[in-house]
Amino acid sequence: MPKMNVVDAVKAALRNELKRDKRVMVMGEDVGKNGGVFRCTDGLYDEFGPERLVDTPLSEPGIVSTAIGLAVNGMRPVVEIQFSGFIYAPFDQLISHAAKIRLRSSGRFSCPLVVRAPYGGGIRALELHCDSVEAIMAHVPGLKVVIPSCPYDTKGLLISAIRDPDPVIFLEPMRVYRAIKEEVPDKEYTIPIGRAEVEQEGSDLTVISYGAMLKYTKEALEKSDYSAEVINLRTISPLDTETIINSVQKTGRCVIVNEAPKTCGFAAEIIARINEKAFFNLEAPIERVTGYDCAFPLAKLEEYYLPDEKRILKAVNKVMSQ
């Protein structure tokens with residue numbers, strides 16, 4: 001079984017689906033001859049040609065609106081937005097059209113579209129390159145939002161996203177694009193969209209995370225004296241509420257770690273669902289470890305913004321001391 005990083009896993013999933021289904025195509029800025037800004041499509045242009053790997057003009061609204069038209073008419077386009085902050089420009093197309101096609105047509109049409117975007121901080125990038133857009137996207141009915149955290153998840157979830165009949169926003173944590181390497185099956189496999197994974201069993205508290213933050217959360221917990229049950233959400237929308245509630249009912253305590261801003265971040269939705277279904281099981285208030293309510297800073301302040309070991313362990317100790 002080969003070892004892959006997240007970039008390799010993206011490429012493996014795309015190659016698998018391009019071979020399997022002639023309706024699948026990849027489109028975006030520099031995804032063809034240049035292999036994408038992070039080389040996630042490197043080599044696929046030579047293998048599948050310019051009609052399957054389409055280099056587009058620098059116009060995110062044009063790319064997404066064209067892909068929506070292709071999807072409604074039977075193709076399965078996979079769009080690459082070079083960085084998540086650039087996804088704001090085609091947001092009208094995603095909200096008003098991609099997410100509404102099934103409703104608008106009373107089920108006669110669907111929009112099997114995948115929009116891939118590197119997201120999150122930790123790579124010393126420029127303005128609009130490190131935005132965490134998951135809560136905004138999850139607020140739109142009709143859009144599914146998937147965030148892998150490791151190579152194995154990336155391949156299985158991306159294959160599922162491409163095969164899904166509805167639009168999927170697939171956010172790839174670029175901080176761990178090459179920071180994790182693990183064995184990934186050569187053969188095709190899928191991971192169900194909407195199902196979280198209990199990565200580590202525990203009895204003292206539940207720790208919930210996703211994307212790049214999962215790696216750093218698990219590393220921080222190795223220095224904790226408590227038995228933490230770690231949940232990898234994998235999918236933000238639809239959310240696997242059952243797995244979360246079952247864990248919190250068992251442990252009675254919870255910490256949520258994500259790098260997006262705190263106010264109206266996705267951690268707040270998780271807390272709301274726990275309060276609705278497991279409030280009387282809680283032994284202490286839930287703690288959030290998040291980014292701050294400001295624009296993602298430039299390189300010198302990046303480490304101050306992102307949740308780190310110190311902040312994660314402080315939250316764990318706080319919930320365990322109550």
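Residues numbered from 1 in each chain as written. Predicted model: local features only at pLDDT ≥ 70, side-chain atom pairs only at ≥ 80, totals over all residues. Heavy atoms only, no water.

*Asks:* Any chance you could explain the overall build of the protein here in plain terms?
*Replies:* When its secondary structure is counted, the protein shows 12 helices and 14 strands. Taking 322 residues into account, the globule formula puts the C-alpha radius of gyration at 20 Å, and the protein, at 19 Å, falls close to it. Along the longest, intermediate and shortest principal axes, the C-alpha atoms of the protein span 60 × 45 × 40 Å. Within the protein, the fraction of its 322 residues that count as buried is 57%. For the protein, contacts bridging at least 24 residues in sequence account for 80% of all contacts bridging at least 6. (Helix = DSSP H or I, 4+ residues; strand = E, 2+ residues; numbered from the N terminus. Rg over C-alpha atoms; globule rule 2.2 N^0.38 Å. Buried < 20%, exposed > 50% of the residue type's maximum accessible area, 1.4 Å probe, protein only. Contact = heavy atoms within 4.5 Å.)

*Asks:* What exactly am I supposed to notice about the sheet that holds strand S13 (residues 254-261) here?
*Replies:* Sheet strands line up and pair through hydrogen bonds in the backbone, either parallel or antiparallel. Pairing within the open sheet is mixed, and its five strands lie in the order S9-S11-S10-S13-S14. Two strands close off the open sheet at either side, each with one partner strand: strand S9 (197-200) and strand S14 (287-291). Along the sheet, successive strands turn relative to each other by an average axial angle of 25 degrees, direction set aside. Helix-sheet contacts for helix H9 (residues 241-251) involve S9, strand S10 (205-209), strand S11 (228-232) and S13, and the interaxial angle to S11 is about 170 degrees. (Pairing = 2+ DSSP bridges. Axes fitted to C-alpha atoms, helices over the stretch in contact; angles between N-to-C directions.)

*Asks:* Quick question: what am I supposed to make of the nonpolar core here?
*Replies:* Soluble globular proteins tend to pack their nonpolar side chains together in the buried interior. Counting 48 residues, the largest nonpolar core has Leu94, Leu113, Leu233 and Ile274 as its most contacted members. Only strand S2 (24-28), helix H3 (60-72), helix H4 (91-98), strand S5 (114-119), strand S7 (168-173), H9, S13 and helix H10 (266-278) provide two or more residues apiece to this core. Element by element, the count of residues in this core is highest for H10, at six residues. Those residues in contact with Leu94 that lie beyond four places of it in its chain are Val64, Ile87, Ala99, Leu113, Val115, Met137, Leu143 and Ile169. In terms of nonpolar packing, the next biggest core, distinct from the first, is built from 40 residues, Val7, Tyr45, Met174 and Ile193 among them. (Core = buried A, V, L, I, M, F, W, Y, C linked by side-chain atoms within 4.5 Å.)

*Asks:* Just checking my understanding: could you explain the packing of H9 against H10 for this structure?
*Replies:* How two helices pack is summed up by the angle between their axes together with the distance between the axes. Viewed as axis vectors pointing N to C, H9 and H10 meet at an angle of 60 degrees, and their least axial separation amounts to 10 Å. Taken together, the axis directions place H9 and H10 in an arrangement best described as oblique. Seen from above, H9 lies across H10 with right-handed handedness. Counting all contacts with H9, which are made through Thr241, Ile244, Ile245, Val248 and Gln249, the residues of H10 involved are Ile270, Arg273, Ile274, Lys277 and Ala278. (Parallel < 35°, antiparallel > 145°, perpendicular 65-115°, else oblique. Left-handed = near helix turned anticlockwise from the far one by under 90°.)

*Asks:* Where do I start with helix H7 (residues 151-163) in this structure?
*Replies:* Because each turn of an α-helix spans 3.6 residues, side chains separated by three or four positions in sequence point in the same direction. Between its first and last C-alpha, H7 extends 19 Å over 13 residues, near the 18 Å set by a 1.5 Å rise per residue. Counted residue by residue, H7 has 11 buried out of 13 residues, so it is predominantly covered. Among the residues of H7, Pro151, Asp153, Thr154, Lys155, Gly156, Leu157, Leu158, Ile159, Ser160, Ala161 and Ile162 are the ones counted as buried. (Expected span 1.5 Å × (residues − 1).)

*Asks:* Just to check I follow, could you spell out the packing of aromatic side chains for this structure?
*Replies:* Between two aromatic rings, the relevant description is the distance of the centres plus the angle of the planes. Across all of its chains, the model carries seven aromatic pairs by this definition. With 5.4 Å between their ring centres and 85 degrees between their planes, Phe279 and Phe280 make a pair best called edge-to-face. For Phe279, a relative accessible area of 46% puts it in the partly exposed group. Judged by its relative accessible area of 81%, Phe280 is exposed. For the ring pair Tyr292 and Tyr305, a centre distance of 6.1 Å and an interplane angle of 75 degrees mean the geometry is edge-to-face. On the criterion of sequence distance, the pair formed by Tyr292 in the loop between S14 and helix H11 (302-305) and Tyr305 in helix H11 is long-range, its members being 13 residues apart. (Phe/Tyr/Trp six-rings, centres within 6.5 Å; stacked < 30°, edge-to-face > 60°.)

*Asks:* Where do I start with H9 in this structure?
*Replies:* Those residues of H9 that fall on the buried side of the exposure criterion are Thr241, Thr243, Ile244, Ile245, Ser247, Val248 and Thr251. Just beyond H9, the residue with positive phi is Gly252, at close to 80 degrees.

*Asks:* I keep staring at the side chain of Glu29 and nothing clicks. Help me out?
*Replies:* Along the chain, Glu29 falls in the loop between S2 and helix H2 (44-48). It is Arg116 that comes nearest to the buried, bridge-free Glu29 among opposite-charge side chains, at 12 Å. Aside from chain neighbours lying at most four places away, what touches Glu29 is Thr56, Pro57, Leu58, Ser59, Glu60, Ile63, Glu80 and Gln82. (Lys, Arg positive; Asp, Glu negative; His and termini not counted. Salt bridge = Lys/Arg side-chain N within 4 Å of Asp/Glu carboxyl O.)

*Asks:* Honestly, the pattern of salt bridges in this entry has me stumped. Any pointers?
*Replies:* Should their charged atoms come close, side chains of opposite charge can pair. One pass over the structure, following the stated rule, counts 22 salt bridges. Of the charged contacts in the structure, one is a salt bridge between Lys218 and Glu199, with a shortest N-O distance of 2.7 Å. Here the residue Lys218 occupies a position in helix H8 (residues 212-221), and Glu199 occupies one in strand S9, the gap between them amounting to 19 residues. You can call Glu199 partly exposed: its relative accessible area is 28%. Linked by salt bridges that have partners in common, Glu17, Arg20, Asp21, Arg23, Arg163 and Glu188 make up one network.

So yeah, pure geometry; function would need other evidence.
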